[in-house]
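What follows is the residue order along each chain.
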Amino acid sequence: MPVVVLAAGLLISTGFAIQNVAFNRRLHEQAEGALLDDVVDSLRMHTSAATSAVVSLSAMAEASGGLRPDGFSRYAQTLRQTGQLPEGALGLGYARYVTPATKASFERELSVFHGDAVVIRPAGLRPAYAPVTALEPMDQANRRAIGFDLLSEPVRRQALLQAAQSGTPVVTGKLELQQTGSGEQLPAVILYSLIRRTSPSVPSSSALNPSAEPWGWASCPILIQELMQESLRGINNPYLQGSTILLFDGVRPSGEGRLYDPMGVYGTPRLSDPNYQRLSFGGRQWLVGVQLTRALPGPDGLHPSQALILLVGGLLSIVASLVSRELVVSHRQTLEALRQVSEAAEEQAISAAVFEGTVEGVVITNPEGQVISVNQSFTQLTGYTNLDIRGKSLRILRSGNHDSSFYQDLWEQLLRDGSWRHEIWNRCKDGTIQLHDLSITTVRDKHLSALYYVAMYQDITARYKEQQNILHQATHDTLTGLANRTLLVDRLEQALAMAQRYGYMVGVMFMDLDGFKAVNDNFGHAIGDDLLVAVSKRLQDFLRKTDTLCRQGGDEFVLLLPQAPDLDSLMTLAERIRTAVSKPYHGIHHTVDLRISVSIGIARWPEHGADADALMLAADRAMYQSKKSGDSLPILAVPLKSATRA
């Protein structure tokens, strides 16, 4: 009988050990898979933030018809100060697209802005250039990079070409950037986003894209070590401590593509059973790897505690009886069942609390896109309750600001990649239209079929309006609301580029008010400001939709006329403007009708100037000739041939 009891006890202990191995194996798979999902999700969130930053910078540049270094610096500082750049993003920059024909004028413009001579390097004639134009923060190291041609370096060139051809943000392959102070070379990548020209679509001779010549590229250099550290810092997972985290550029682990390996385990016996998952970022595939700490059971389910279990089980089997064994087994099964029920209820309660408590609007739909549930934040955001929208399609939110191709691209990417994120204009229940940051994630079953779609909405309307306001302030005069010199120069350069391509003429009128100083001296600057506003309104009556009126500063105005008419018509227009400005101004001063006149200088490309600077200078000189004449009659600039003979 003792032999029978001992044999039964050993069998029980062995069976329990085998069950424990199976349990440990499942625990290892679940824990490693959950940790890998957490790492990928956190990394995806941070790379999405970097993508949003460069896309925002590109959108700002496109909205303003290009980007000047001073406007870029203000906007980049705004993004950094508002925390819209993730850790690891070393800053923001942009590079202009320059052709051999515009190389000299670009170098002059960049030298003027930076205060010293800047040339595109490395030297040599190439079909096109992408020189670094501005970087933020503009420290000593970044200043040395100004003028470097990104298209001259193979890794950067490949990313720039891909961004220009696809129109989407593209990240480079692995680069080695020198860390400031230490001189250490650390793995990094650079994210580029195309800045398109906002002029009408025309045939282009671009060396990059046959259908649309770019204005330039926005960029965001990312230090992989800091990006990974910040991503891991935000993960609340008990298995993270001591586990190995890896990151590779590409779909397979390799020494050349290794981006992050802080423990130096790749290629050593210490890396024995990692689990990998792919992550899409900027048109490239990254491979994220996780290997759990050795303090936990391995993938085979074995652990040093197994030997102890067998020893203890053998000792207990000597004194145990078959009846007590049955009671213990029954009791353990009951407790396990109760524990599983309790854990399931607790997890369900936590999920419900998170769903209702998150500040982002959350919508869950079935694979057909019909709404299953929305949280309270979604109701506060859009006005639609669960009762309003359950069983319906989210088409109810469509604002009309996006065409059908936008939504087609959304579904194609969602079905292909399992996720989608973008800014989208939505119409709320009360009819108002808001700009939302929308991210959609696919929840799949074990067969990888879609079970649900989870959409998360965040209202970014106020941020968008603030950015538009900053852009307007950077390009317009605060008193009159007219374009400032920065915007005028950009539009003049665009007008000249179109004129050279299609044979248009471009006209510029310089206008200086006569008698304005006397108004300021006699009646004060407040009356002078009111008079400037009144003059700007009269001048705007003569504008075509394509014309630009600029307040140059003080009492000087400049009128830009793309596709300008003949010189006689320009003189006639100038005389009409002079007549209108010279009429009395009623109501500005309570007792006196103010009177002023205007001196106008006229220049037209190509007769009076070969480029923007020469054309502006010719019109300015003609204006001063008009002022000296004493009768304020409009005067044409001296033609280039006459000026040469003189």
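Rules and cut-offs
- Residues numbered from 1 in each chain as written.
- Predicted model: local features only at pLDDT ≥ 70, side-chain atom pairs only at ≥ 80, totals over all residues.
- Heavy atoms only, no water.
- Phe/Tyr/Trp six-rings, centres within 6.5 Å; stacked < 30°, edge-to-face > 60°.
- Buried < 20%, exposed > 50% of the residue type's maximum accessible area, 1.4 Å probe, protein only.
- Lys NZ or Arg CZ within 6 Å of the ring centre and 35° of its normal.
- Pairing = 2+ DSSP bridges.
- Helix = DSSP H or I, 4+ residues; strand = E, 2+ residues; numbered from the N terminus.
- Axes fitted to C-alpha atoms, helices over the stretch in contact; angles between N-to-C directions.
- Contact = heavy atoms within 4.5 Å.
- Salt bridge = Lys/Arg side-chain N within 4 Å of Asp/Glu carboxyl O.
- Patch = residues over 30% accessible without salt bridge, like charges linked within 9 Å, V, L, I, M, F, W, Y side chains within 5 Å.
- Areas by Shrake-Rupley, 256 points an atom, 1.4 Å probe, with all protein chains shown as cover.
- Arc of directions from axis to C-beta.
- Core = buried A, V, L, I, M, F, W, Y, C linked by side-chain atoms within 4.5 Å.

Participant: Just to check I follow, could you spell out the packing of aromatic side chains for this structure?
Facilitator: We describe a pair of aromatic rings using the distance from one ring centre to the other and the angle between the two ring planes. In the structure shown here, the tally under the stated rule is 12 aromatic pairs. Measuring from centroid to centroid gives 5.3 Å for F406 and Y407, while their planes differ by 90°, and the two rings are edge-to-face. The exposure class of F406 is buried, given its relative accessible area of 15%. Look at Y407 and you get buried, because its relative accessible area is 10%. Over the aromatic face of Y129 sits the side chain of K103, whose NZ or CZ is 5.9 Å from the ring centroid. It is R398 that lies over the ring of Y407; its NZ or CZ is 3.8 Å from the centre.

Participant: Explain the sheet that holds strand β7 (residues 244-249) to me, please; I cannot follow it from the model alone.
Facilitator: As a general point, the strands of a sheet are linked pairwise by backbone hydrogen bonds and lie either parallel or antiparallel. Strand order in the open sheet formed by 4 strands is β8-β7-β10-β9, and the pairing between neighbours is antiparallel. In this open sheet, the two edge strands, each paired with only one partner strand, are β8 (258-260) and β9 (275-281). Strand-to-strand twist in this sheet, taken as the mean axis angle between neighbours without regard to direction, amounts to 30°. With 7 bridges connecting them, β9 and strand β10 (residues 284-291) associate as antiparallel partners. Following the sheet pairing, F281 is matched in β10 by R284. Across the sheet, helix α6 (residues 224-233) touches β7, β8 and β10, and the angle it forms with β8 is around 50°.

Participant: How should unusual backbone geometry be read in this particular structure?
Facilitator: For residues besides glycine, phi is generally negative; the peptide bonds are generally trans as well. A cis amide bond, omega 0°, links R121 with the succeeding residue P122. Here P122 is to be found in the loop between α3 (103-114) and β2 (132-136). In this model, E136 is joined to P137 through a cis peptide bond whose omega is 10°. Residue placement: P137 occurs in the loop between β2 and α4 (140-145). Positioned with a positive phi, L448 is a non-glycine residue whose angle comes to about 70°. Positionally, L448 belongs in the loop between β14 (433-444) and β15 (450-459).

Participant: Just to check I follow, could you spell out the pairing of strand β5 (residues 185-196) for this structure?
Facilitator: Side chains on a regular strand alternate between the two faces of the sheet. Within β5, 10 of the 12 residues are buried, leaving the element largely enclosed by the surrounding structure. With 2 bridges joining them, strand β3 (residues 170-171) and β5 adopt antiparallel strand pairing. Of the residues in β5, the one forming a bridge with V171 is L191. Judged from the 4 bridges that link them, strand β4 (residues 175-178) and β5 form a sheet pairing that is antiparallel. Looking at the pairing, Q178 lines up with Q185 of β5.

Participant: Quick question: what am I supposed to make of the sheet that holds strand β20 (residues 635-636) here?
Facilitator: Strands sit in the order β17-β18-β16-β19-β20 across an open sheet of 5 strands; the sheet is mixed. Strand pairing shows two members of the sheet lacking a second neighbour, β17 (548-553) and β20, which therefore form its edges. Where strand β16 (residues 506-514) meets strand β19 (residues 597-605), 9 bridges bridge the pair, whose relative direction is antiparallel. Bridge assignment links F510 to a residue of β19, and that residue is G601. This element, helix α17 (residues 612-629), spans β16, β17, β18 (556-561), β19 and β20 of the sheet and lies at about 145° to β19.

Participant: Would you mind going over the pattern of salt bridges with me for this structure?
Facilitator: In a structure, side chains of opposite charge can pair up when their charged atoms sit close to one another. This model, assessed by the stated rule, comprises 21 salt bridges. The residue K627 makes a salt bridge to D512 at a minimum N-O spacing of 2.6 Å. Taken as a pair, K627 in helix α17 and D512 in strand β16 lie far apart in primary sequence, 115 residues in all.

Participant: In this structure, what is going on with a nonpolar patch on the surface? I would like to understand it.
Facilitator: On the surface, I372, V443, L451 and Y452 cluster together to form a nonpolar patch covering roughly 300 Å² of accessible area. Of note, L451 is situated in strand β15. The partly exposed category is assigned to L451, whose relative accessible area is 36%.

Participant: Hey, could you run me through the environment of M616 in this one?
Facilitator: On the secondary structure map, M616 appears in helix α17. In sequence terms M616 and V558 are 58 residues apart; their C-alpha atoms lie 9.1 Å from each other. Apart from residues no more than four positions distant in its own chain, M616 is found in contact with R485, L488, L492, V508, F510 and Q552.

Participant: Explain helix α14 (residues 516-523) here, please?
Facilitator: In an α-helix there are 3.6 residues to a turn, and that puts residues three or four apart on one side. Three or more residues of α14 are buried, namely F516, V519 and N520. Buried residues of α14 fall within an arc of 95° about the axis and therefore sit on the same side. Turned more than 90 degrees from where α14 packs its buried face, K517, D521 and N522 sit exposed. Of the surrounding elements, those touching the buried residues of α14 are β16 and α15 (525-540).

Participant: Can you walk me through the nonpolar core in this structure?
Facilitator: Across soluble globular proteins, nonpolar side chains have a tendency to be buried as a group. Counting residues in each nonpolar core, the largest one holds 47 residues, and the members touching the most others are L92, C220, L247 and W286. No other element matches helix α1 (residues 2-63), which puts 12 residues into this core. Leave out the neighbours within four places in its chain, and L247 touches L43, I224, M228, G257, R258, L259, Y260, W286, L287 and V288. The next biggest cluster of nonpolar side chains, apart from the first, holds 31 residues, and it includes L482, I527, Y585 and I602.

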